[in-house]
Amino acid sequence: MTADALQNRLKDLRTFLMTSLKAVEINLKEKNDILQIVSSFRLDIEKRLNELEKDITNKIQEQYNTCRQLLIKQRDILKKQERDIIGREDDLKALQVCTNEIQYAQTIKTLDVSTHKFETEMNSKMTTTMLTFEPNDLISQIITTVKSIGNIRVSKTNWEKYYVRLNLKLKCNARNGRWMGFYSQFNIQHKIDLYMDFSEGSVTGGGIDKHGQFTIAGAWDVYTREIQFSKRNKGENSVDYDGQLSQDGCMIDGWLNGCSSCDKFKISFVSSFNAVSGRWTGSYNQYGARHAFMIDIAFDDDRVSGQGDDGIGKFSINGDGNSSTGKLQFYKQYHGAHNVDYSGQLSCNGRSMHGIYNVRGLSDSFTMTVT
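Being a predicted model, the structure only gives us computed values, none of them experimental.

### What about the overall build of the chain?
Counting its secondary structure elements, the chain contains 2 helices and 19 strands. The buried share among the 371 residues of the chain stands at 25%. For the chain, the exposed surface amounts to about 25,400 Å²; the carbon and sulfur share of it is 54%.

### Points about the sheet that holds strand β5 (residues 188-199)
The 8 strands lie next to each other as β4-β5-β6-β7-β8-β9-β10-β11, forming a closed barrel whose pairing is antiparallel. On average, adjacent strands in this sheet sit at an angle of 30° to one another, irrespective of strand direction. As paired strands, strand β10 (residues 251-256) and strand β11 (residues 264-269) are joined by 5 bridges and run antiparallel to one another. Across the sheet, residue Asp 253 finds its bridge partner in β11, namely Lys 266.

### Considerations on the confidence of the model for the chain
On average, residues of the chain score 79 in pLDDT, and 74% of them reach the 70 mark or higher. Taken as a whole, residues 123-129 scores under 50 in pLDDT and shows 14 contacts with residues more than four places along the chain or in a different chain. Contacts of residues 156-169 to residues separated by more than four positions or lying in other chains number 53 contacts, the stretch itself having pLDDT below 50.

### Thoughts on the environment of Ile 267
Locating Ile 267 in the fold gives a position in strand β11. Those residues within four positions of Ile 267 in sequence are excluded, and the remaining contacts are Trp 179, Met 180, Gly 181, Phe 182, Ile 192, Leu 194, Met 196, Cys 250, Met 251 and Ile 252.

### Let's talk about the sheet that holds strand β14 (residues 303-310)
One closed barrel accounts for 8 strands, arranged β12-β13-β14-β15-β16-β17-β18-β19; its pairing is antiparallel. In this sheet, neighbouring strand axes are inclined to one another by 30° on average, regardless of whether the strands run parallel or antiparallel. Relative to β14, strand β13 (residues 289-300) is paired through 8 bridges, and the arrangement is antiparallel. Its bridge partner being in β14, Ile 295 is matched across the sheet by Gly 308.

### With respect to a nonpolar patch on the surface
Residues Phe 41, Ile 45, Leu 49, Leu 52, Ile 56 and Ile 60 make up a contiguous nonpolar surface patch of roughly 570 Å² in combined accessible area. Looking at the element boundaries, Phe 41 is found in helix α1 (residues 3-125).

### Observations regarding the side chain of Ser 184
Tracing the backbone through its elements, the reader meets Ser 184 in strand β4 (residues 177-185). Excluding residues within four positions of it along the chain, Ser 184 makes contact with Gln 189, Leu 256, Asp 263 and Lys 264.

### Observations concerning the packing of aromatic side chains
Evaluation of the coordinates by the stated rule reveals 13 aromatic pairs. Judged by centre distance (5.7 Å) and plane angle (80°), the ring pair of Tyr 284 and Tyr 357 falls under edge-to-face. Pair noted here: Tyr 284 is in strand β12 (residues 278-286) and Tyr 357 is in strand β18 (residues 352-359), with a separation of 73 residues, a long-range link. Across the pair, Tyr 357 and Tyr 284 agree in class, each one buried. Aromatic ring contacts, followed pair by pair, group Tyr 284, Phe 293, Phe 330, Tyr 342, Tyr 357 and Phe 366 into a single cluster. Just above the ring of Phe 293 sits the side chain of Lys 332; from NZ or CZ to the centre is 5.9 Å. The ring of Phe 315 carries the charged tip of Lys 332 above its face, separated from the ring centre by 4.9 Å.

Basis of the calculations
- Residues numbered from 1 in each chain as written.
- Predicted model: local features only at pLDDT ≥ 70, side-chain atom pairs only at ≥ 80, totals over all residues.
- Heavy atoms only, no water.
- Helix = DSSP H or I, 4+ residues; strand = E, 2+ residues; numbered from the N terminus.
- Buried < 20%, exposed > 50% of the residue type's maximum accessible area, 1.4 Å probe, protein only.
- Areas by Shrake-Rupley, 256 points an atom, 1.4 Å probe, with all protein chains shown as cover.
- Pairing = 2+ DSSP bridges.
- Axes fitted to C-alpha atoms, helices over the stretch in contact; angles between N-to-C directions.
- pLDDT = per-residue confidence, 0-100.
- Contact = heavy atoms within 4.5 Å.
- Patch = residues over 30% accessible without salt bridge, like charges linked within 9 Å, V, L, I, M, F, W, Y side chains within 5 Å.
- Salt bridge = Lys/Arg side-chain N within 4 Å of Asp/Glu carboxyl O.
- Phe/Tyr/Trp six-rings, centres within 6.5 Å; stacked < 30°, edge-to-face > 60°.
- Lys NZ or Arg CZ within 6 Å of the ring centre and 35° of its normal.

See below:
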């Protein structure tokens, strides 16, 4: 190999080595850049981890504080419920007294209706009877006793027997409340609307007619059912009414100014079944036990609706009523559960109710009254 050839080869080798060295330097520089990027990324990750750790710690602390406050609040609620439960025995005793009073009032109302019906039947069927006694010293006592229920006439037909004839005139049970009807003047009828309050032998009240508001005052005979009262409109002369009360105490007809040739009048008692909206409390019977409940009831014409609660849970009611008869039909729907059918009867003043419920073939009674 000549010197020139060797020199050229050395020159090529040198060029190759320089190129390789330069490539190594570039590669080292790129790796160094990568290391710097990795180091920066690691620092960024560490920073982010520290921030995340701090955020998690703060959130855990907040949740802990919230849970602690909820536990404290729940503890206070449980303490209050514990106090309420301790005092519930007195509430249950008071409720038992209340429901007993409701049933007592309903019983009195039922007895009043039955008594009135009995009196009406007696008035229509029994007017005179004959009692026969053997002569003895008790005759005068018997006569004194029976005088309290009617007029007596004693007839002695012979020396062996006394005949005591009783003309029974039972007391009439006139109805307190609203009365409506008409009176006629010059053969023209005019409406009259009034409230009458009957006591033993007297009658008072007031109302409205075509002349405006008026008051009445007078007397009546509880046996003969004859009634007289004066009606006085404000700023006008009084008008005398003379009439006869029906046997059932629910109608009066007669004449104005006390003579049969004068103008007539006729008024009838109006049964009031205007139910009172509001909070009602009561109880229903089941398997020999009484269970209390509460309902907020709204009466809208002949519609019945409301919300309530009892020992089973919360419920709603919906149904219909008849304002002329006081009868009600509604169903009680427990939230998310079964329903119960109710059939009831309002009292005349619309403030109490009693009836029967039916659930899955089981029937029993219920009562309730507005509070």
